[in-house]
Protein chains: 2
Amino acid sequence: INRYNGVTIKSEEQNLEDIPLFVEQLKESLLKWKGEKIRGIWFQVKKQNSALIPSLIEVNFEYHHAQPGYVMLTKWISDTEPNGLPHYANQYIGVGGFVVNDNNELLVIQEKYADRRLWKLPGGHADPGEDLADTGVREVFEETGIKTEFVSLLCFRHQHQYRFDCSDIYFVCLLKPIGGKINPCQQEIAQCTWMNIEEYIKLPDLTETLKHITQCYLNITENGSISITPERINNYNNTCKNNIYSVGHIQL
Amino acid sequence: INRYNGVTIKSEEQNLEDIPLFVEQLKESLLKWKGEKIRGIWFQVKKQNSALIPSLIEVNFEYHHAQPGYVMLTKWISDTEPNGLPHYANQYIGVGGFVVNDNNELLVIQEKYADRRLWKLPGGHADPGEDLADTGVREVFEETGIKTEFVSLLCFRHQHQYRFDCSDIYFVCLLKPIGGKINPCQQEIAQCTWMNIEEYIKLPDLTETLKHITQCYLNITENGSISITPERINNYNNTCKNNIYSVGHIQL
């Protein structure tokens, strides 16, 4: 029982040898909890206990989320309050690398599997638990062979109705090349090259988004290099540090 | 079959009257697909077909994600390539409202259910599909009764190992009050008040994060009001507009 008046049940801690018997006991428990003003139930079913799932659906549990290894089901039992169980995470994070070299050239790629052959920024999705600046550096290296370091965030886009009805935030990181040669990823990348930025922004088939991102870069170079940069700040009980991004000045 | 050489199966389009027979047919199909260089399978099981899940787990399907109404299972069948199926969304988005009135006072709250009674910013999680600035305005109104409009993003924090092993981005929006009286949400909020900003930043029990956020506000007021503001930019095929946030100047 947690501070929100909820009960959490884990399948691997239950005796599931006789599932019909277990379901009868569960029904009794649900009645008892309702009398005790419990509001909602979380039921985590491990992969090896999956035989239990059809029975839980029959007593009106609903799917909440799943990850490799388990499914989480929930049941809201309060009659007096609306369902207060929080949603599961529903945002993707992607990062694009805006890599400019000393000759004012931008690192651009063409994808192997794409509807149109456009010159795009290298980039990809964040791995679980990965900080966004690290994602940018990693993806640029994997896709192009160029090693970089983080300078600033240029901008980010919040997009809805993305995959599986989730939203997506695409962060564009300004990165400085620090080594390596162009060596495109064979699986994903068809072509990779350095291209003069003034030429890049004039490409006739450039999307409005890529044009805007490039303009953001030109703006910060003209406006005294105002940037969005992270600082490492302690969390509330000083057990770890988090990056907090805010505006500042950088030397380009 | 999609462009990544994957197969998608939907439970409601299958004949599931005889589940053991269906599983035998599925096993044959898996062997055939493997011969055809198919790389991975997506299997969406609707709630009403949940009886199928234990059989899919037996033939080594793995949980990918679930939402109210269905579970998505996957199976990677290529022997020659590593599992290339993308992860599900794993980021939460929360928004805090930094609401300052004409008297240089900040709108702060104390939560009803909290370990410590701290003066915090109002805010909460984004609803599915909701733009972050809208979340800030909505949450401030729900929690405090104050109506606001979006001015700028102040900063954001990227935090890992949050709920269910997901990450969380906490965006702090600078908002301008445009009406309403303080009327705290009875369920969630214990106290709500306007507090002078210079006094707020000196509170002895303020977390380092809240101090930093407040300092971000003081910095932008002193530095010619540099802000992080969105522009509406067309998507790649001009079917909708997305917000892209970048640095700019605002009038405070």
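Rules of the game
Residues numbered from 1 in each chain as written. Chains lettered and ligands numbered in written order. Predicted model: local features only at pLDDT ≥ 70, side-chain atom pairs only at ≥ 80, totals over all residues. Heavy atoms only, no water. Contact = heavy atoms within 4.5 Å. Buried area = accessible area lost by both parts, 1.4 Å probe. Salt bridge = Lys/Arg side-chain N within 4 Å of Asp/Glu carboxyl O. Polar contact = N/O pair within 3.5 Å; in protein donor to acceptor, adjacent residues only side chain to side chain. 1 Å grid on protein atoms, 1.4 Å probe; cavity = no way out; pocket = protein on both sides within 12 Å on 5 of 7 lines; lining within 4 Å. Points joined across faces, edges and corners; volume = space filled by probe spheres on them. Nonpolar A, V, L, I, M, F, W, Y, C, P; charged D, E, K, R; others polar. Buried < 20%, exposed > 50% of the residue type's maximum accessible area, 1.4 Å probe, protein only. UniProt positions renumbered as here; feature names shortened; annotations may be inferred. Helix = DSSP H or I, 4+ residues; strand = E, 2+ residues; numbered from the N terminus. Core = buried A, V, L, I, M, F, W, Y, C linked by side-chain atoms within 4.5 Å.

S.K.: Break down the interface of chain A and chain B for me, citing the residues and quoting the values.
M.R.: Facing the 71 residues of chain A at the interface are 71 residues of chain B. Buried surface at the junction of chain A and chain B, summed over both partners, amounts to about 6,700 Å²; 61% is from carbon and sulfur atoms. Counting the surface chain A buries against chain B, the share from its top three residues, A:Tyr63, A:Phe156 and A:Phe164, is 11%. Summed over the shared surface of chain A and chain B, the number is two salt bridges. A:Glu62 is the salt-bridge partner of B:Lys47, the closest N and O atoms lying 3.1 Å from each other. Here chain A is connected to chain B by 21 residue pairs in polar contact (both at pLDDT 80 or more).

S.K.: Help me get a handle on empty space enclosed by the protein, residues and values and all.
M.R.: Residues and elements named next belong to chain A. One pass over the structure, following the stated rule, counts one cavity of 30 Å³ or more. In this structure, the largest cavity is lined by Leu-118, Trp-119, Leu-203, Asp-205, Leu-206, Thr-207 and Leu-210. By residue class, the composition of the lining of the largest cavity is five nonpolar, one polar and one charged.

S.K.: I'd love a proper account of the pattern of salt bridges, names of residues and values included.
M.R.: Where side chains of opposite charge bring their charged atoms close, a pairing between them can arise. Under the criterion given, the structure shown has 24 salt bridges over all chains. The partner of A:Arg138 in a salt bridge is A:Glu130, with the nearest N and O atoms 2.7 Å apart. Residue classification places A:Arg138 among the buried positions, given a relative accessible area of 19%. A relative accessible area of 12% places A:Glu130 in the buried class. A salt bridge links B:Asp127 to B:Arg138, with the shortest nitrogen-to-oxygen separation between them at 3.6 Å.

S.K.: Which residues make up the UniProt feature "domain: Nudix hydrolase" (unreviewed entry) in chain A, and what values go with them?
M.R.: Feature annotation in UniProt assigns "domain: Nudix hydrolase" (unreviewed entry) to the following positions: residues 90-222 of chain A. Helix and strand shares over residues 90-222 of chain A are 25% and 40% respectively, and the end C-alpha atoms of the span are 37 Å apart.

S.K.: Residue-level account of the nonpolar core, with values.
M.R.: Membership of the largest hydrophobic core comes to 69 residues, with the highest contact counts inside it found for A:Phe98, A:Leu154, A:Phe156, A:Phe171, A:Ile213, B:Phe156 and B:Phe171. A total of seven residues in this core trace back to one element, the largest contributor, which is strand 9 (residues 167-179) of chain A. In contact with A:Leu154, other than residues within four places in its own chain, are A:Phe98, A:Val172, A:Leu174, A:Ile213, A:Cys216, A:Tyr217, A:Ile220, A:Ile228, B:Tyr245 and B:Ser246. A:Val7, A:Trp33, B:Leu16 and B:Leu56 belong to the second largest nonpolar core, which has 48 residues in total.

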